[in-house]
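The chain contents come next:
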Amino acid sequence: ILGRTGLKVSELCLGTMNFGWKTDEQKSFAILDAYFEANGNFIQATGYCPAPAFTAASTTFSEEVVGRWWDSRAILRSQLVLATRLTLGRVPEGVPLAKFARDCVRQSLRRLKTTYLDLVVFEWTESLLPMRDLMEAFDGLVRSGLVRYIGAANFPVWRVADAIGRAYLRNHCRMEALQSDYSLMTRARFEPEAMSLTQEQRLGFLARSPLAGGFLARGKGLGERFVSSRHDWLEQRFGNGYGDAAQAAVTDVASRHEASSAHVALSWVLHNPAVTSAVIGVHSVAQLRELVPATSLRLSTTDVEQLDHATAIEEIRVNREITRNTASPGELVLQ
C-alpha cells in the first residue's frame, strides 16, 4: 500500500526512462507485456517540461511509448497504476507555478493517453520555489482530478517536512510519497532522517536504482546481462574497499540461498518495511525475468545483519581536545 493512500502497487515498479530511446519500441512493448503478465501494475514514465528543442534526449519518449502500449492493449485503466516522474524547467515569467504545473501534467496525460495519473513524482529543482506556490500547485492538481496523488523525488528532507506542515495548515492536499536512490551502496540519503519521516508521516517510499546502477548485480554470470552504460562512472564511485565489501557480502549471502547477487541486493531493499516499491529499469525481457523472483526471496536475520554490517554508514568521529601549545603561549591547538 502506498503510504496512507490505500493505493495497491506492485513491489517492483517498472521504470521506463530508457523506453523509446535506449530501448526501442518493440522491445519496450515486450517488457511491458512481460511485466503485466507477471502481475505487475505499477509503471513509471519520465517527463520534462518544457521539453527541450533537441529531440535526442529522452524527455518525453517514455511517456509516449507507455501511452501507445496501453492504448494498444485491452487493459482496464483500473488495472494499472500509471505514474510519471516530472521535472519542471524554468517557469515562464508572469505565469503562476500552479498553471505551469497543470499545463505540464496535461501534456503528460496526452502522451500517456489517459485522463488522470495515479501519481506524479516531481523532481526537486529550484524552479519549484517558493514552497507556498508549490503547495498550491500540488493541491490544484489533485482537486482538479488530473492527479490522484503527488510524490517528491530527491527533495531535501527538511523541505518535505515543511511542505507537509504547510499543507496541514492550509488544508491542502499533501505529498504522499518520496522517491530517491536507495540500495546497499546508497543508504545515507534515506537513512535515518528520511526513513523516520516516511514512517511517522505515513509516506510511501519508492527506492530508485536498488541495484546501484547494476553494480550489485554482478557475479554468477550476470555481468553481461546487467551491463550498464554507466560502467566507468560506477567503477569510479563504488570501485573501492566499500564496494568490494558490499559485493563480497552479497555474493556470500547469494551462495547460501543459491540465488543471484541481483536477487539478494533487491531483496534487501524490499526487506525494509519503509520501502513501498523498488523502481527497476531493464533493457530486455530477460533482465525483467531475472529480477522478478527477488520478490519471493526471504532473507534471514543473519543475512540482513551481514549485509547491513558490510555496508554500514561509517561514523566519522572527531575528538576535539583543545590544548595549549606550550611553544606559543595563548595559541589554541585543535587535535
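Here goes a summary of the coordinates provided. (Residues numbered from 1 in each chain as written. Predicted model: local features only at pLDDT ≥ 70, side-chain atom pairs only at ≥ 80, totals over all residues. Heavy atoms only, no water.)

**As for the overall build of the chain**
Scanning the chain for helices and strands turns up eleven helices and ten strands. Partitioning the contacts of the chain with sequence separation of at least 6, the portion at a separation of at least 24 is 78%. About 16,500 Å² of surface is accessible on the chain, with carbon and sulfur atoms providing 50% of the total. (Helix = DSSP H or I, 4+ residues; strand = E, 2+ residues; numbered from the N terminus. Contact = heavy atoms within 4.5 Å. Areas by Shrake-Rupley, 256 points an atom, 1.4 Å probe, with all protein chains shown as cover.)

**Observations regarding the pairing of strand S6 (residues 175-181)**
Among the seven residues in S6, six count as buried, and that is most of the element. Two elements, strand S5 (residues 147-153) and S6, share four bridges in a ladder whose sense is parallel. Bridge pairing in S6 places Ile150 opposite Met175. One crossover worth recording links S5 to the parallel S6 by way of helix H5 (residues 157-170), and it is right-handed. Across five bridges, S6 lies against strand S7 (residues 204-208) in parallel orientation. Bridge pairing links Gln179 to Leu206 in S7. Handedness of the crossover joining S6 and S7 through helix H6 (residues 193-200): right-handed. (Buried < 20%, exposed > 50% of the residue type's maximum accessible area, 1.4 Å probe, protein only. Pairing = 2+ DSSP bridges. Right-handed = clockwise from strand over helix to strand, strands pointing away.)

**A short note on the state of the cysteines**
Evaluated as defined, the whole model comprises one disulfide. Sulfur-sulfur distance for the disulfide between Cys49 and Cys104 comes to 2.1 Å. As the torsion about the S-S bond is roughly -70 degrees, the Cys49-Cys104 disulfide counts as left-handed. Of this pair, Cys49 sits in strand S2 (residues 42-49) while Cys104 sits in helix H3 (residues 97-112), placing them 55 residues apart in sequence. (Disulfide = S-S within 2.5 Å.)

**Concerning the pairing of strand S3 (residues 81-88)**
Side-chain direction in a regular strand flips from residue to residue, so the side chains alternate between the two faces of the sheet. With respect to burial, S3 is a largely interior element, eight of its eight residues being buried. The side-chain alternation of S3 yields two buried faces, one formed by Val81, Ala83, Arg85 and Thr87 and the other by Leu82, Thr84, Leu86 and Leu88. Relative to S3, S2 runs parallel, the two sharing eight bridges. The partner of Gln44 across the bridge, within S3, is Ala83.

**Focus: the nonpolar core**
In terms of nonpolar packing, the biggest core is built from 108 residues, with Phe42, Leu88, Phe122, Leu216, Leu266 and Leu307 touching the most fellow members. Contacts of Leu88, omitting those with residues within four sequence positions, involve Cys49, Leu97, Phe100, Ala101, Cys104, Phe122, Thr125, Ser127 and Leu128. (Core = buried A, V, L, I, M, F, W, Y, C linked by side-chain atoms within 4.5 Å.)

**Section: the pattern of salt bridges**
Inspection of every chain in the model, using the stated rule, returns 16 salt bridges. Arg85 is the salt-bridge partner of Glu123, the closest N and O atoms lying 2.5 Å from each other. One end of the pair, Glu123, is in strand S4 (residues 117-123); the other, Arg85, is in strand S3, with 38 residues separating them in the sequence. Ionic pairing is found between Asp118 and Arg148, a salt bridge with its closest N-O pair at 3.0 Å. (Salt bridge = Lys/Arg side-chain N within 4 Å of Asp/Glu carboxyl O.)

**Focus: the side chain of Thr276**
Inspection of the secondary structure assignment puts Thr276 in the loop between helix H9 (261-271) and strand S8 (277-280). Sequence-distant contacts of Thr276, that is, excluding residues within four places in its chain, are made with Ile1, Leu2, Gly3, Val9, Ser10, Glu11, Gly204, Phe205 and Leu206.

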